[in-house]
Amino acid sequence: AYEVNDFLMVGPFVRMAYRFERQSGLTFSTFDVGPGIFARARVFRDVFVQFDYEAAFLDQPVVPLQTDGERIITERNQQNYMYLGLGYSSGSDRSKFTVSLHYNVLDDIDYVRIPWDVRFGMLFRIGRSPQEIPSNSKVPSNR
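Everything quoted here is computed from the prediction, not taken from an experiment. (Residues numbered from 1 in each chain as written. Predicted model: local features only at pLDDT ≥ 70, side-chain atom pairs only at ≥ 80, totals over all residues. Heavy atoms only, no water.)

1. Overview of the overall build of the protein chain
Consideration 1: Assigned secondary structure in the protein chain consists of 0 helices and 7 strands.
Consideration 2: Each helix and strand of the protein chain, ordered N terminal to C terminal, gives the series β-β-β-β-β-β-β.
Consideration 3: Here the protein chain holds 143 residues, and 28% of them are scored as buried.
Consideration 4: Put simply, of all contacts in the protein chain between residues at least 6 apart along the chain, 49% involve residues at least 24 apart.
Consideration 5: As displayed, the protein chain offers around 9900 Å² of accessible surface, 59% of which is attributable to carbon and sulfur atoms. (Helix = DSSP H or I, 4+ residues; strand = E, 2+ residues; numbered from the N terminus. Buried < 20%, exposed > 50% of the residue type's maximum accessible area, 1.4 Å probe, protein only. Contact = heavy atoms within 4.5 Å. Areas by Shrake-Rupley, 256 points an atom, 1.4 Å probe, with all protein chains shown as cover.)

2. Overview of the nonpolar core
Consideration 1: Grouped together as the largest cluster of nonpolar side chains are 5 residues: A56, L58, Y81, Y83 and Y111.
Consideration 2: Of all the secondary-structure elements, those providing two or more residues to this core are β4 (47–61) and β5 (74–91).
Consideration 3: Leave out the neighbours within four places in its chain, and L58 touches D32, E75, R76, N77, Q79, Y81, V112 and R113. (Core = buried A, V, L, I, M, F, W, Y, C linked by side-chain atoms within 4.5 Å.)

3. Details of the side chain of D52
Consideration 1: Along the chain, the position of D52 falls in strand β4.
Consideration 2: By relative accessible area, which is 2% here, D52 ends up buried.
Consideration 3: A polar contact of 2.5 Å, which involves the side chain of D52, links it to the side chain of R119.
Consideration 4: Not counting residues within four places of it along the chain, the set of residues in contact with D52 comprises F13, R15, I37, F38, Y81, M82, Y83 and R119. (Polar contact = N/O pair within 3.5 Å; in protein donor to acceptor, adjacent residues only side chain to side chain.)

4. Notes on the pairing of β4
Consideration 1: With 8 bridges connecting them, strand β3 (residues 26–42) and β4 associate as antiparallel partners. Directly across from A41, in β4, lies its bridge partner V49.
Consideration 2: Where β4 meets β5, 15 bridges bridge the pair, whose relative direction is antiparallel. The partner of D59 across the bridge, within β5, is R76. (Pairing = 2+ DSSP bridges.)

5. Overview of the packing of aromatic side chains
Consideration 1: Overall, the coordinates contain 3 aromatic pairs when judged by the stated rule.
Consideration 2: Judged by centre distance (4.7 Å) and plane angle (55°), the ring pair of Y103 and W116 falls under tilted. Placement of Y103 in strand β6 (residues 95–104) and of W116 in strand β7 (residues 116–124) is noted, with a sequence separation of 13 residues between them.
Consideration 3: The ring of F48 carries the charged tip of R40 above its face, separated from the ring centre by 4.1 Å.
Consideration 4: In this arrangement the basic side chain of R119 is found over the ring face of Y83, its NZ or CZ atom lying 5.1 Å from the centre. (Phe/Tyr/Trp six-rings, centres within 6.5 Å; stacked < 30°, edge-to-face > 60°. Lys NZ or Arg CZ within 6 Å of the ring centre and 35° of its normal.)

Okay, structure coming up:
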């Protein structure tokens, strides 16, 4: 993530998920990928709101269920997710633990995932925050 200022963070992400299911005595497993973007804004000292947009590419069983004798036949579909969330962070200026609850506002009855998402994470700061950079610092010249 890029910390724009003390209030706002933005950045890209890639969500990866392994899925294993058993249906009608047969099994299948998938590895799903979903690139996206997010923005997180601090509301109070340790409370934040977050917006995520993800274009998920998911393998799902063909309906009605079809097999090749041993495996369930799947097809790859795209599902768009837009999550709005509220979270809490705790820690130091260099590292924080986060917990948040998010809801997919684009939820559809045909979506694989449930609309609620609970997340746990860690944030680590690399380099100085915008507040630590003196306003009178000079940018090195290439002359």
